[in-house]
Amino acid sequence: MDLKFHHLGIACKDIDQTAERYSLLGYTRGEQIFDPLQNINICFLTHPEMPLVELLSPADIKSPIVQILEKNGTTPYHTCYSVTDITEAIGRLKKQQYIVVSTPKIACAIDNHRVAFLYHKDMGLIELVEE
Ligand code: NI
């Protein structure tokens, strides 16, 4: 597998409040972006020595992360891996019983790279981003 760890996605209710917590760990926040495809607000947090973190908060009540926030509060939501060929990687993961939750779409928050979401009951939700 050529999957490389890219970022950890954290669902949160309030990006400002959660980013403030991460700033206490030495993280620097980037600009906040609205993603109309997922109906969420996104903010990437960077650290010189620690993995990239993506904060996701619902833009409104119809956002796909509303339910998990109601159930768990602020919580890890997905792990993201980069791949060279997203179509090929999805094909391989489907053979490993992953279910495609969201087919490849352009992600405005990741410099217009294509992203897709897949789910496996023993892995949870993963995101693929094409390099
Ligand atoms: Ni993500």
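Refer to the structure printed above.
Notes on the structure in this doc start here. (Residues numbered from 1 in each chain as written. Predicted model: local features only at pLDDT ≥ 70, side-chain atom pairs only at ≥ 80, totals over all residues. Heavy atoms only, no water.)

**Quick notes on the packing of aromatic side chains**
Here is step 1: For the structure shown, the criterion picks out two aromatic pairs.
Here is step 2: Both rings, one in Phe5 and one in Tyr81, keep their centres 6.1 Å apart while their planes meet at 85°; by these two values the pair is edge-to-face. Of the two residues, Phe5 sits in strand S1 (residues 4-11) while Tyr81 sits in strand S6 (residues 75-83), which places them 76 residues apart along the sequence.
Here is step 3: Judged by its relative accessible area of 43%, Phe5 is partly exposed.
Here is step 4: Among the residues examined, Tyr81 registers a relative accessible area of 18% and is labelled buried.
Here is step 5: Seen in terms of ring centroids, Tyr22 and Tyr27 are 5.3 Å apart; in terms of plane orientation they differ by 85°. Their pairing is edge-to-face.
Here is step 6: With relative accessibility at 18%, the residue Tyr22 sits in the buried group. (Phe/Tyr/Trp six-rings, centres within 6.5 Å; stacked < 30°, edge-to-face > 60°. Helix = DSSP H or I, 4+ residues; strand = E, 2+ residues; numbered from the N terminus. Buried < 20%, exposed > 50% of the residue type's maximum accessible area, 1.4 Å probe, protein only.)

**Thoughts on the pairing of strand S7 (residues 99-107)**
Here is step 1: Pairing of S7 with strand S8 (residues 113-120) involves six bridges; the strand directions are antiparallel. Within S8, the position partnered with Ser102 by the bridge is Phe117.
Here is step 2: Between S7 and S8, which pair antiparallel and follow one another directly, the connecting turn spans five residues, one of which, Asp111, has a positive phi of 50°. (Pairing = 2+ DSSP bridges.)

Spatial relationships are all this shows, so hold off on functional conclusions.
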